[in-house]
Amino acid sequence: MSAKKESLGKTVGIVVAVCLVCSIVVSGAAVGLRSLQQTNAALDKKTNILTAAGLYETGMSNKQIESVYAERVEQRFVDLDSGEFTEAPESNYDMYKAAKQTEYSTKVTNSNVGFQRRPDVASVYMVRDETGDVSRVILPVHGSGLWDLMYGFLAVDNDGQTVRELIYYQQKETPGLGGEVQNPAWQDKWDGKKLFEDGEVAIRVKKNANPSNPHSVDALSGATLTSNGVENTIRYWTGEQGFGEFLKKQAWRS
């Protein structure tokens, strides 16, 4: 019996040791990969911003992406209540994390955009031409789709009114239906659309929209709820609770 107990003890000891070694290896790999994951996430974000800016070209290397971004794009911060540029409330400020903290956010009212609070200070990305003048303003936007929140960038001309791009980079919509928000053919329908009419948000996403109507974008086929979510998102973020005051004041001209 003692031999069996000794054998069982050795077996258990070996199993525990193997598990401990494996856990150390896995933890070490996770820590080691975290930096790479963060680098890749930052690069992916810059790629999407350059796409919204009309500066991304297929086949660009990581080095080229970093270079063009550094030369042509400037991240700034906006106080959404005043519509004026401001400083970030803290270092490494993240507007999406800030929205979850009551001291840095405001409750959303009278909107079905799909989230409860929005940050008081939001990021914006100023795109400059070769002369240094702002040519486009890129606004981070998010709101509900059919299944979950969708995240994207809305690019507007320096007139604060004319849409150039709507790029969704994170969504969980049904492939072939709501997932078509990432289809370049549908994204192209936003180019040249006007956000406002007589000072009010006028953009609509509706079925069989007239292409010549400057305020209407044709809805996604078979994806009514996703299309409604896109409309609610853009109307919210270009409205008074979002970037509306900023677009109206055109603070980048000062």
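Residues numbered from 1 in each chain as written. Predicted model: local features only at pLDDT ≥ 70, side-chain atom pairs only at ≥ 80, totals over all residues. Heavy atoms only, no water.

Q: Is there a simple way to think about the pattern of salt bridges in this case?
A: One side chain can pair with another of opposite charge once the charged atoms of both are near each other. Tallied over the full model, the rule gives 11 salt bridges. With a shortest N-O distance of 4.0 Å, arginine 72 and glutamate 130 are connected by a salt bridge. Of this pair, arginine 72 sits in helix α2 (residues 62-72) while glutamate 130 sits in the loop between β5 (121-128) and β6 (134-144), and the two are 58 residues apart along the sequence. The closest approach of N and O atoms between aspartate 218 and lysine 189, which form a salt bridge, is 3.7 Å. Here aspartate 218 is found in strand β12 (residues 216-218), whereas its partner lysine 189 is found in the loop between α4 (184-187) and β9 (196-197), with 29 residues between them in sequence. The network of salt bridges with shared partners includes Asp81, Arg118 and Asp120. (Salt bridge = Lys/Arg side-chain N within 4 Å of Asp/Glu carboxyl O. Helix = DSSP H or I, 4+ residues; strand = E, 2+ residues; numbered from the N terminus.)

Q: Whenever I open this one, the side chain of arginine 118 confuses me. Can you help?
A: Mapped onto the elements of the fold, arginine 118 is located in strand β4 (residues 117-119). Among the polar contacts made by the side chain of arginine 118, one reaches the side chain of aspartate 120 at a distance of 3.3 Å. (Polar contact = N/O pair within 3.5 Å; in protein donor to acceptor, adjacent residues only side chain to side chain.)

Q: Which parts of the structure should I look at to understand the nonpolar core?
A: Most often, soluble globular proteins keep nonpolar side chains buried together rather than apart. Judged by nonpolar contacts, the single largest core of 45 residues is most densely connected at Trp190, Val230, Ile234, Phe243 and Phe246. Every element with two or more residues in this core is listed here: β1 (73-79), α3 (95-98), β5, β6, β7 (149-157), β8 (163-170), α5 (224-237) and α6 (244-249). Apart from residues no more than four positions distant in its own chain, isoleucine 234 is found in contact with Val141, Leu154, Leu166, Trp190, Leu195 and Ile203. One finds Leu43, Leu50, Ile65 and Val127 within the second-largest nonpolar core, a separate group that totals 17 residues. (Core = buried A, V, L, I, M, F, W, Y, C linked by side-chain atoms within 4.5 Å. Buried < 20%, exposed > 50% of the residue type's maximum accessible area, 1.4 Å probe, protein only. Contact = heavy atoms within 4.5 Å.)

Q: Sorry if this is basic, but what is going on with unusual backbone geometry here?
A: If a residue is not glycine, its phi is most likely negative; likewise, a peptide bond is most likely trans. Phi angles above zero are rare outside glycine, and aspartate 198 is one such case at about 55°. Position of aspartate 198 among the secondary structure elements: in the loop between β9 and β10 (200-201). For glutamine 250, which is not a glycine, the phi torsion comes out positive at approximately 50°. Relative to the helices and strands, glutamine 250 is located in the segment after α6.

Q: Just to check I follow, could you spell out α5 for this structure?
A: For α5, which comprises 14 residues, the first-to-last C-alpha distance of 20 Å matches the rise-based estimate of 20 Å (1.5 Å per residue) to within 8%. Burial analysis of α5 places 10 of its 14 residues in the buried class, the great majority of the element. The set of residues buried in α5 consists of Thr226, Ser227, Gly229, Val230, Glu231, Asn232, Thr233, Ile234, Tyr236 and Trp237. (Expected span 1.5 Å × (residues − 1).)

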